[in-house]
Amino acid sequence: MEERTGFTMQRLPITLCGKEIKVGDTAPDFTVLNSSLQPVKLSDFKGQVRVISTIPSIDTGVCAMQTREFNKEAAALNDVAILTISCDLPFALGRFCGAEGIDKVITLSDHFATEFGLKYGFLIKELRLLNRGVVVIDRNDKVVYVQYVQENTELPNFTAAMAAVKAAL
């Protein structure tokens, strides 16, 4: 299994596991769970531009802020699926969305099999959480933007991610 270093969480070194996804790659399909414990695949959103926003845990301030920001962005977009994926339990994601009024972003759990984390290289070896980041996939399943956030307490570059989304529309 591929491993990459050079990332931190609260300034402590972490190791990312799985294949690093790059611009130009064909987006691998994966299965995660929604808040009702139903399987959801990337291919369920085929034909749409997809934004995958990855977070370590919805119950932290930075992750909550990232999810709220993408929910706000999603409200202004048509034919774009914004998926927030973490290793949180599906119930926690559902609770957060209900309490916060998150209704445009689709929150999904990679807790069971970490299939997404390994196929996209976001799985943190030491913590079994996902590294913070963003992947934008066009309608033809090509990756058009990727950001692996170096320090997990920092937000991703929303401006660059949304520019990639608009260019893919």
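No experiment lies behind these values; they were computed from the predicted model shown. Think of each chain on its own: its residues are numbered from 1, step by step along the sequence as written. At least 70 in pLDDT is required for a residue's local features to be given in this predicted model, at least 80 for side-chain atom pairs to be given and counted, and no such filter applies to totals for whole chains, interfaces and linings, which use all residues. Each side-chain value is worked out from all heavy atoms of the structure, with water and hydrogens disregarded.

A separate point is the overall build of the protein chain. Under the DSSP-based scheme used, a helix requires at least four consecutive residues in state H or I and a strand at least two consecutive residues in state E, with every element numbered from the N terminus. On a plain count of helices and strands, the protein chain comes out with four helices and 11 strands. The reference for a compact globule is 2.2 Å times residues^0.38; the radius of gyration itself is calculated from the C-alpha atoms. For a compact globule of 169 residues, the expected C-alpha radius of gyration is about 15 Å, and the protein chain comes in at 14 Å, within 12% of that figure. Counting only C-alpha atoms, the protein chain reaches 40 × 35 × 30 Å along its principal axes. Here a residue-residue contact requires only that any non-hydrogen atoms of the pair lie within 4.5 Å. For the protein chain, the proportion of contacts with a sequence separation of at least 24, taken over those separated by at least 6, is 64%. Values of accessible area rely on a 1.4 Å probe in the Shrake-Rupley scheme; residue burial ignores everything except the protein chains shown. Total accessible area on the protein chain is roughly 7,600 Å²; 54% of this is exposed by carbon and sulfur atoms. Here the protein chain carries 18 positive and 20 negative side-chain charges, and the mean point of each set is 2 Å from the other. Charged-residue counts in this description rest on Lys and Arg as positive and Asp and Glu as negative, His and the chain ends being excluded. Here the site of a charge means NZ on Lys, CZ on Arg, CG on Asp, or CD on Glu.

Here we take up the nonpolar core. The nonpolar side chains of a soluble globular protein tend to be buried with one another. For our purposes a nonpolar core is just a set of buried Ala, Val, Leu, Ile, Met, Phe, Trp, Tyr and Cys residues, chained together by side-chain atoms within 4.5 Å. Type-normalised accessible area, obtained with a 1.4 Å probe on protein chains alone, sets the label of each residue: buried when under 20%, exposed when over 50%, and partly exposed for intermediate values. Formed by 28 residues in total, the largest nonpolar core has its most connected members in Ile52, Phe116 and Tyr120. Beyond its immediate chain neighbours, meaning those up to four positions away, Tyr120 contacts Lys19, Glu20, Ile21, Ala27, Pro28, Phe30, Leu42, Ile52, Val135, Ile137 and Tyr148. With 25 residues, the next largest nonpolar core counts Val51, Cys63, Cys97 and Ala168 among its residues.

The next subject is the side chain of Gln147. Tracing the chain through its elements places Gln147 in strand β11 (residues 143–148). The contact partners of Gln147, leaving out residues within four places of it in the chain, are Phe122, Arg132, Gly133, Val134, Pro156 and Asn157.

On to unusual backbone geometry. Phi angles above zero are rare outside glycine, and Arg11 is one such case at about 70°. Here Arg11 lies in the loop between β1 (3–9) and β2 (12–17). Non-glycine residue Asp141 carries a positive phi angle of around 70°. Overall, Asp141 belongs to the buried group, its relative accessible area being 16%.

Counted residue by residue, strand β6 (residues 80–86) has seven buried out of seven residues, so it is predominantly covered. Side chains Val80, Ile82, Thr84 and Ser86 of β6 all project onto a buried face; the interleaved residues Ala81, Leu83 and Ile85 project onto the opposite face, where all are buried too. A strand pair is defined by DSSP finding two or more bridges across the two strands. In this structure, strand β5 (residues 49–54) lies alongside β6, joined through six bridges in parallel fashion. Residue pairing across strands places Arg50 opposite Ala81, the latter belonging to β6. The crossover handedness rule: strands pointing away from the viewer, path from first strand over the helix to second strand clockwise, crossover right-handed. In this region the chain leaves β5, passes through helix α1 (residues 61–75) and returns to the parallel neighbour β6; the handedness of that crossover is right-handed. Bridge count for β6 against strand β7 (residues 106–109) is four bridges, and the pairing is parallel. Note on β7: the bridge partner recorded for Ile85 is Leu108. What joins β6 to β7 is helix α2 (residues 90–100), and the crossover it makes is right-handed.

Here we come to the environment of Ile102. Its place among the elements puts Ile102 in the loop between α2 and β7. Along the chain, Ile102 and Ala74 lie 28 residues apart, while their C-alpha atoms are 10 Å from each other. Not counting residues up to four positions away in its chain, the partners in contact with Ile102 are Thr67, Arg68, Asn71, Phe96 and Cys97.

So, about the sheet that holds β1. Here we have four strands laid out as an open sheet, ordered β1-β2-β8-β9, and antiparallel in their pairing. If you trace the sheet from one side to the other, it starts and ends with β1 and β9 (129–130), each paired once. Two elements, β1 and β2, share five bridges in a ladder whose sense is antiparallel. Residue pairing for β2: Thr8 is matched across the bridge by Pro13.

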